[in-house]
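Architecture and fold: a report
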Amino acid sequence: MSARHARTPLALALALTAAGLTPVQAQEVTSLKPITVSGDAQATPLNPGVKAERARLDGVAGGTNLIEPQKETRLATLKDALDYQPGLVVQEFFGGLDQPRLNIRGSGIQSNPVNRGVLLMQDGLPLNEADGSFVIGFLEPRNARLISVRRGANALSPAATTLGGELDFQSLTATEGDMLRVEGGSFGRFGAQAAKGFRSDNLDGRLSVTHDKYDGYRNHSGSERTSLQGNFGVQGDGFENRTYLSYVDLDVDIPFVVTRSMMEDDPTSVIGDGNTANHPLNVYKRDPHRTSRQFRAANRTYWGTETLNNTFGVYAQNIDDTFQDPLVSTVTDGMTYGAQWQLAGIYRSIDYRVALDWSHSDMDRDLYAVNPQNGSKLRRFGTYDLQAENRNALLGFAWHVAPQWTVVGDAKFTQAIRDARERGSGDSLDQDWNYVSPKLGLVWQPAEDQRFFINVSRSNEAPTYWEIITNNAAANNASTMTSNLSELKLQRADTVEIGGEGRLGAGSYAPHWALTLYHSDVKDELMSVSTANGTAAGTYNYQGGTRHRGIELGLNGSLPAPGEGTAFDYRVAYTFSDFRFKGGEYAGNRIAGVPRHLVSAEVLYRVGGLRFGPNVRWMPSSTETNHANTPNTQQDSYALLGFKVDYQIDKHWQAYVQGDNLTDETYASAFVIRNTAGATDPTFLPGNGRSVTAGVTYKF
């Protein structure tokens, strides 16, 4: 949709907001305020449960996902939790406890490591630093009762304004997740979890400890992760307060990229093996890795009724993060504080929300040249004092104009501040952006289990410090390395979206479907690219305009099978991404980084407590790795076949065995992105070979 045609609905959204028609829910159709739906075990306003969250998402005029991770037999990685979901593209780096690329509608897909483009939330409060960056490895799906995804401008938080939207991980509470879990498998994989909770009349609490270790399929790809998460809640009449504490310790070796010929000859190899032993980017000597630690404390309070209520939350988190590629070691020590308040209520046929959000980060970031002989820090060539702050306000409404029709809209007003100073030289760059992110949509619910929608919106994304700070690093001369500050523009996108979801027919075998089509015109898209050797080259705003459009399709359900008490359970997700440059240097080319077609599907035969069957992850066409679309540089298509056996022995015991890539296909799971590239450049990250994982869970 052109900017000219987008102005009218966007202006209308602002006009409605200014007139006092502010957002959000309804008891019957929508629900953007915290609600409790009867029938949800242990559901509370701050932890609404599946039914209440489903009711809230039904009021969103756009694409959403509601994921129940505890229904998955394996939760070793984030991909295990987010697989088979339309619109969510997870590209694993090398299959362990690494930093996968999470892509929603192309937002932030080019960042390396992935660090922007979506708002990650833990129990309704942002997990990102105030500059918008995040460490995706801090997420722990084994401790989540549900993951609520609001794609694109359908995000509900006042802090979420990017093209990608938001993911909210809601923690298990009280005794609902009491368990012991152990799993292990190929390539030295081991994982364990112990969790226990308690509940009294108005008090509850829970503590979960997880530990994972992985030797890795590729050389120099071991990883280890320990997570401690707990929460404590108190409830009264129309009142709830909950405190959350977490600590994550993540240590990942990075095998780095290789050429296509190295991947095809030996997908486990790295630069430094064989005839590359004397290569200047020898991985064994330079030791690329990431070590990250975070401690986080948060508290949320809810008081009131569905007619009028308040929710207030505060959080504080520190980060100690070292990301080292073969040339540069980036060390960050930061502290982030945030607060969020929301007033929600009902006035006649209008549900409304007013919300404020504030976050502030103080970061110290140092850049060191990497010693080519042993990977130690050789020379500091940048030392930065960074301060980021966001001030957000939201006005929103859900107007029930008829029993089946609801007009929804909101406007988010944001001031984003990114101040940076290099201590050694005194150079500084203070940037701030003021913007409005409006949305206007229509929801039609012809039946209780059918929802159709259309919306128009504008999203905005300010750069993080990973984009603002750049370096000039040479493999053969550490003494010449320098760093600098880049002045960048805001990335904006105007989007139109249409779709629906519901059930086809009636009865226990009626499948659930979800379909969303979107078209985004993006201005000044943030492009992060790599050098010829695969290290970061910097970020710039593309001047010619870009276009993101796609289809997000999901289908799941059951089919009758021969025999009493048997069935076939199936689920399939298809994501189509057509991202192109509209003008400028690469006019007409595909934007590198996102698979054009991606299919995930699974069919399980169920008899009693036993389920077993095949699955596939299929990328049927090649993917561009550089914006020039240079021939013979694409990521090749692939199909990965798997098989799973899951046995619910009784109400306490459950066991599984899962095989992945059973045909032992050699393929690239991910790659670095460049403006242009050669066929012999190190570009690809080979994915895992054939593997088997098994696990057992005991629930108290």
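Residues numbered from 1 in each chain as written. Predicted model: local features only at pLDDT ≥ 70, side-chain atom pairs only at ≥ 80, totals over all residues. Heavy atoms only, no water.

The subject of this paragraph is the confidence of the model for the protein. Residues of the protein with pLDDT of at least 70 account for 94%, and the chain-wide mean is 92. Counting contacts from residues 1-39, a segment whose pLDDT is below 50, to residues more than four positions away or on other chains yields 122 contacts. (pLDDT = per-residue confidence, 0-100. Contact = heavy atoms within 4.5 Å.)

Once that is clear, we can look at the side chain of aspartate 569. On the secondary structure map, aspartate 569 appears in strand S28 (residues 566-581). Within the structure, aspartate 569 has its side chain in polar contact with the side chain of serine 558 (distance 2.7 Å). Those residues in contact with aspartate 569 that lie beyond four places of it in its chain are Gly557, Ser558, Glu602, Val603, Leu604, Arg606 and Arg611. (Helix = DSSP H or I, 4+ residues; strand = E, 2+ residues; numbered from the N terminus. Polar contact = N/O pair within 3.5 Å; in protein donor to acceptor, adjacent residues only side chain to side chain.)

Take helix H2 (residues 49-58) next. In an α-helix, one turn spans 3.6 residues; hence positions three or four apart end up facing the same way. Counting buried positions along H2 gives 7 out of 10 residues, so the element sits mostly inside the fold. Among all positions in H2, only Gly49, Ala52, Glu53, Ala55, Arg56, Leu57 and Asp58 are buried. Next to the buried residues of H2 lie strand S1 (64-67), strand S6 (144-151), strand S7 (165-171), strand S19 (428-447), strand S20 (450-461) and strand S23 (491-503). (Buried < 20%, exposed > 50% of the residue type's maximum accessible area, 1.4 Å probe, protein only.)

Attention shifts here to the sheet that holds S7. Pairing is mixed in the open sheet, where 5 strands are placed in the order S1-S6-S7-S4-S5. The open sheet has two edge strands with one neighbour each: S1 and strand S5 (125-126). Here 7 bridges tie S6 to S7, and the two strands are oriented antiparallel to one another. For isoleucine 147, the partnering residue across the bridge sits in S7 and is phenylalanine 169. (Pairing = 2+ DSSP bridges.)

The next thing to look at is a nonpolar patch on the surface. Among the surface-exposed residues, Val607, Phe612, Phe643, Val645, Val657, Leu662 and Val692 lie close enough to one another that they form a single nonpolar patch of about 490 Å² accessible area. Looking at the secondary structure, you find valine 607 in strand S29 (residues 597-607). (Patch = residues over 30% accessible without salt bridge, like charges linked within 9 Å, V, L, I, M, F, W, Y side chains within 5 Å. Areas by Shrake-Rupley, 256 points an atom, 1.4 Å probe, with all protein chains shown as cover. Salt bridge = Lys/Arg side-chain N within 4 Å of Asp/Glu carboxyl O.)

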